[in-house]
Amino acid sequence: MCGIVGYVGAQQANGRPLEVVMGGLKRLEYRGYDSAGVALVPQEGRALATAKKAGKLANLAAELEATPLPAATAAIGHTRWATHGAPTDVNAHPHLSEDGALAVIHNGIIENFAELRAELEAAGVTLTSETDTEVVAHLVAAAYATTPDLTEALRSVARRLHGTFTLLAVHVDAPDVVVGARHDSPLVVGLGDGENYLGSDVAAFIAHTREALELGQDQVVTITPTTVSVTDFDGNPVEARRFTVDWDAAAAEKGGFGSFMDKEIHDQPHAVADTLLGRTDTTGRLVLDDLRVDEAVLRQVDKIIVIACGTAAYAGQVAKYAIEHWCRIPVEVELAHEFRYRDPIVNSKTLVVAVSQSGETMDTLMAVRHAREQGATVLAIVNTHGSTIPRESDAVLYTHAGPEVAVASTKAFLAQITAAYLLGLYLAQLRGTKFPDEIAEMLDALRELPEKIQAVIDGAGHVREVARSMADVASVLFLGRHVGYPVAMEGALKLKELAYIHAEGFAAGELKHGPIALIEEGQAVFIIVPSPRGRDSLHSKVISNIQEIRARGARTLVIAEEGDSDVLPFADEVFYVPQTPVLLAPLVSVVPLQIFAMELATAKGLDVDQPRNLAKSVTVE
Ligand code: F6R
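Residues numbered from 1 in each chain as written. Predicted model: local features only at pLDDT ≥ 70, side-chain atom pairs only at ≥ 80, totals over all residues. Heavy atoms only, no water.

Undergrad: Whenever I open this one, the pairing of strand E21 (residues 502-507) confuses me. Can you help?
TA: Walk down a regular strand and you will see the side chains alternate between the two sheet faces. In this sheet, E21 lies alongside strand E20 (residues 475-480) in parallel orientation, the contact comprising six bridges. Counted as the bridge partner of Leu479 is Phe506 from E21. The parallel pair E20 and E21, bridged by helix H17 (residues 484-499), forms a crossover whose chirality is right-handed. (Pairing = 2+ DSSP bridges. Helix = DSSP H or I, 4+ residues; strand = E, 2+ residues; numbered from the N terminus. Right-handed = clockwise from strand over helix to strand, strands pointing away.)

Undergrad: Just checking my understanding: could you explain the site of the ligand for this structure?
TA: The environment of the ligand is formed by 15 residues, the closest being Ser356, Gln357, Ser358, Thr361 and Glu497. In the model, an oxygen atom of the ligand is placed 2.8 Å from a nitrogen or oxygen of the Glu497 side chain. Expressed as a share of its isolated accessible area of 410 Å², the protein-covered part of the ligand is 90%. According to the grid-proximity analysis, the pocket containing the ligand is the largest pocket. The set of elements that each furnish at least two residues to the shell around the ligand consists of helix H9 (310-327) and H17. Considering only residue class, the shell around the ligand consists of five nonpolar, eight polar and two charged. (Near = heavy atom within 4 Å. Polar contact = N/O pair within 3.5 Å; in protein donor to acceptor, adjacent residues only side chain to side chain. Areas by Shrake-Rupley, 256 points an atom, 1.4 Å probe, with all protein chains shown as cover. 1 Å grid on protein atoms, 1.4 Å probe; cavity = no way out; pocket = protein on both sides within 12 Å on 5 of 7 lines; lining within 4 Å. Sits in = over half its atoms within 2 Å of the grid points. Nonpolar A, V, L, I, M, F, W, Y, C, P; charged D, E, K, R; others polar.)

Undergrad: Even after reading the chapter, I still don't get helix H19 (residues 586-603), so can you show me in this structure?
TA: Working note: α-helix, 3.6 residues per turn, so residues spaced by three or four point in the same direction. With 18 residues, H19 ought to run about 26 Å at 1.5 Å a step, and its terminal C-alpha atoms sit 26 Å apart, in line with that. Counting buried residues along H19, 16 of its 18 residues qualify, which places the element largely inside the surrounding structure. Count one or two residues on from H19 and you reach Gly605, which has phi positive near 80 degrees. (Expected span 1.5 Å × (residues − 1). Buried < 20%, exposed > 50% of the residue type's maximum accessible area, 1.4 Å probe, protein only.)

Undergrad: Honestly, empty space enclosed by the protein in this entry has me stumped. Any pointers?
TA: Over the atoms a probe the size of a water molecule is rolled, and this reveals where empty space is left. Evaluation of the coordinates by the stated rule reveals four cavities of 30 Å³ or more. Of the voids in this model, the largest cavity is the one considered here, and its volume is about 190 Å³. Around the largest cavity sit 21 residues that line it, and Ile528, Val529, Pro530, Ser531 and Ala585 are the ones nearest its centre. Secondary-structure elements contributing two or more residues to the lining of the largest cavity are H17, strand E23 (555-561) and H19. For the lining of the largest cavity, a count of residues per class yields 14 nonpolar, five polar and two charged. The computed volume of the second largest cavity comes to approximately 90 Å³. In terms of domain composition, the lining of the second largest cavity takes at least three residues from each of domain 1 (3-246) and domain 2 (253-447). (Points joined across faces, edges and corners; volume = space filled by probe spheres on them. Domains from an automatic or database assignment.)

Undergrad: What is the right way to read the packing of aromatic side chains from this model?
TA: A full pass over the atoms with the stated rule returns seven aromatic pairs. Counting every residue linked through ring pairs, the aromatic cluster contains Phe478, Phe526, Phe575 and Phe596. Seen from the ring of Tyr341, Arg340 lies directly overhead, with NZ or CZ sitting 4.8 Å from the centre. Here the guanidinium or amino end of Arg612 rests over the ring plane of Tyr500, the centre of that ring lying 3.9 Å away. (Phe/Tyr/Trp six-rings, centres within 6.5 Å; stacked < 30°, edge-to-face > 60°. Lys NZ or Arg CZ within 6 Å of the ring centre and 35° of its normal.)

In structure tokens:
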């Protein structure tokens, strides 16, 4: 949650620090958008220049336009997703020391803030906000008063804090220094030429540099224009791992589309193609270079547990069908927050697959830690380099979806499914559960998917039209079987998130066990129909389900494979998708549902990139 940016560079005070920080916040706004603020360090002077505003970043930008801040040498900026205290101007970050000489921004939750607040109040400090963060500002100021070294002051306070935090601090006495500390919350360093950056993720600075440093847990970093030094919380120097971000800065721009969501839906053919790229050797065998896990360990795996949240968990559910079928290994899929707290049965023969776009979801991170403590091997399927989950896992398989900016996930979902298929096929190859020609055939089919996804996007005029005509709908149900079931749930989630409409996804077979009671005249129901070329019983059973709900008045919106005329007598609307092997079908069948949700939300006048109450990286439990 909350986006954090820090910059230090200009030897001469100028406008660049503010420009970089505001640009970074714009790219990080998907992390939280209920208020935003900046603090600038002037080259000389006794007070920081700050501005903060409730509401989206545009409000802060307008404030800065109306009341410009002076030139600076360093800056920090924050975009907030409120935890403690309502999203008001006062509660927005940065928070300052009483003398205005020090500013702090924070992502996370300080769990012992009440006792720290009481301690400060007893010492006569006046707190002006309801936030846990302000407490940190006053504590660092007190530590600085005793030892006027910002790094040491932040380090000493970090040792006292419980909970999760990324903190950045600046002080007027140190015009070319920004200090950061992290504990269970993300922070990466961007390396520039005569300037350096800090960010919640690399999107904060990819417009300026692709060279970055990964920070570990419980570390403090101090950046100046020419140096970066990292220590642990006790002050011992630490070597941070350097990496190069392979995202193109332009990939994080709207590129002529009306919204990031629309752009990212259009990015999907590339996201799948890039995730498939370079995964085979000259003989066509799968080689997953970034897997970094001993083949012997993978051979003896007797159970796979996929852990993830939200859309990523639905990608995991699709993976279950494919991996079990190809590898004959039992696969469980569990929401990370449920897994972590139910005492799961995990041992050294368990492969835990953690799926996460951001690589920072706290629930998933906690589940990863728990699984490793129990002796499992953890493999992460992650999109964001330099993030925490791959760092704390035994192995990583990166998706190559590029930066996903819209809060609701689209292209990352397709890339996660693709990566999970690669993992399944790799395990099948390694364990000999599929013949090489069967694996090659499936890989060929996968390579045809980008073109098919493109065809769905290009032919989405009908779904867009239907969506626009349904702007007043109060509830939509989604039904699917087999791999269509997670697709149904993902379709429902997209609609809830983007259009604030009640929506639910069901296994079509479950219909008669209860949900059919919801069907009344005009109830809109999407049905994801499996290929008639697959197992025939599956197709005909779903056709029966359509008849059952149609007979009770439902308005049936059918997603079916091209050429499937069996659906026509029972469909009010049909959205055809290209023919695909059954297990790969989610990569095409989910696309009309994404477009439907986006278009309907747009017709309602909603902001599809930043839906209410949400944040892209859920970095608190
Ligand atoms: C839904 C959505 C969320 C995320 C979930 C996990 O559109 O975006 O449900 O999928 O919060 O996020 P990551 O993949 O970053 O772990």
